[in-house]
Amino acid sequence: MTAPLTPSQPPQPEPERDPWQAPQAPRAPQASAHLPGSEADTWREEGEPGMKREIGQAAVIAAAVAVSGVLLGLLWLWLAPRVPLIADKQAVYLKDTEGEQAIGVDGTFTLLGLAFGFVSALVVFLVRRRGGIPLVVGLAVGALLGAVLAWKVGVWIGPDTDVVAHARSVGRGVVFDAPMELNAKGVLLAWPVAAMIVHLVLTALFGPRDPEPFSSYGARQEQA
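As a starting point, this report considers the structure included with it. Sequence order as written defines the numbering, with residues in each chain counted from 1. Under the rules for a predicted model, residues below a pLDDT of 70 receive no local features and side-chain atom pairs below 80 are neither given nor counted, while totals for whole chains, interfaces and linings still include all residues. Side-chain descriptors were evaluated using all non-hydrogen atoms of the structure, hydrogens and water having been removed beforehand.

1. Description of the sheet that holds strand S2 (residues 92-94)
1) Next: The strand order across the open sheet built from 3 strands is S2-S1-S3, with neighbouring strands paired in antiparallel fashion. In this open sheet, the two edge strands, each paired with only one partner strand, are S2 and strand S3 (176-177).
2) Next: Pairing between two strands requires that DSSP report at least two bridges joining them. Numbering goes from the N terminus for both helices and strands, where a helix is a DSSP run of H or I of at least four residues and a strand is a run of E of at least two. Of the pairings in the sheet, the one linking strand S1 (residues 84-87) to S2 comprises 3 bridges and is antiparallel in character. Bridging from a neighbouring strand, Ile 86 pairs with Tyr 93 of S2.

Structure representation (structure tokens):
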């Protein structure tokens, strides 16, 4: 018989466990290192150019809508009623003190602003059906700038703003038109508010729909 070269060791007893000892919390998995070219980087690289493109389109839309305010100003000057004035030796007065021409001036601007809001929102929706915050903001800003530009164009092209000089030029007792003016500056918001509401309604009714979240999952189950 030959003895083994290394003596065998007796089995070690397992350590006793205390039943009252709290269980050890599992270790938290270590965060994986961020590797270039990962999914997050891909999403960031694709998202930034898309946002820049939307902002650029919104700026173009705002500029185009604002320029159309010149047409609104010309229509306002053409369609709005005139406020008649008359002068004597001392001052300039309203020829018709009970007339509603001044209210008609504001009302004409409001109706034109609502019409321009509907048309501008419809055109923007047809050009770019997919909405977005930059697009809506650009439309609203452009409409507000267009309304201000229309107001200034009507005042600039309309009757002389120097009432005293105008009265002296026409003479005493001669009726002349008062300068174009908005008594209620809130009518400037008619165009942007109408444009935003109409565009949001068109987007909600006829805009592209996002795919259902469970459609692809259900299709995978059917294929399996």
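2. Digging into helix H3 (residues 101-127)
1) Next: Any helix carries an expected span of 1.5 Å times its number of residues minus one. Its 27 residues place the ends of H3 39 Å apart at the C-alpha level, agreeing with the 39 Å of an ideal helix rising 1.5 Å per residue.
2) Next: Remark: exposure states derive from per-residue accessible area (1.4 Å probe, protein chains only) relative to the maximum for the residue type, with buried under 20%, exposed over 50%, and partly exposed in between. Buried within H3 we find Val 105, Asp 106, Thr 108, Phe 109, Leu 112, Gly 113, Phe 116, Gly 117, Ser 120, Ala 121, Val 124 and Phe 125.

3. Remarks on the layout of surface pockets
1) Next: For the largest pocket, the calculated volume is near 210 Å³.
2) Next: Buried and open spaces are told apart on a 1 Å grid over the protein atoms alone, a cavity being a set of points where a 1.4 Å probe fits but cannot get out and a pocket being an open set with protein on both sides within 12 Å along at least five of seven lines. Residues with an atom within 4 Å of a point are the lining residues. Every residue along the wall of the largest pocket is listed here: Val 60, Ile 61, Ala 64, Val 65, Ser 68, Phe 116, Val 119, Ser 120, Val 123, Val 124, Val 127 and Trp 191.
3) Next: Elements represented by at least two residues in the lining of the largest pocket include exactly helix H1 (39-67) and H3.
4) Next: Sorting elements by how many residues they give to the lining of the largest pocket places H3 first, with 6 residues.
5) Next: Note on residue categories: nonpolar means Ala, Val, Leu, Ile, Met, Phe, Trp, Tyr, Cys or Pro, charged means Asp, Glu, Lys or Arg, and polar means any other residue, Gly included. For the lining of the largest pocket, the per-class residue count stands at 10 nonpolar, 2 polar and no charged. Grid points are joined across faces, edges and corners, and a volume is the space filled by probe spheres set on the points.

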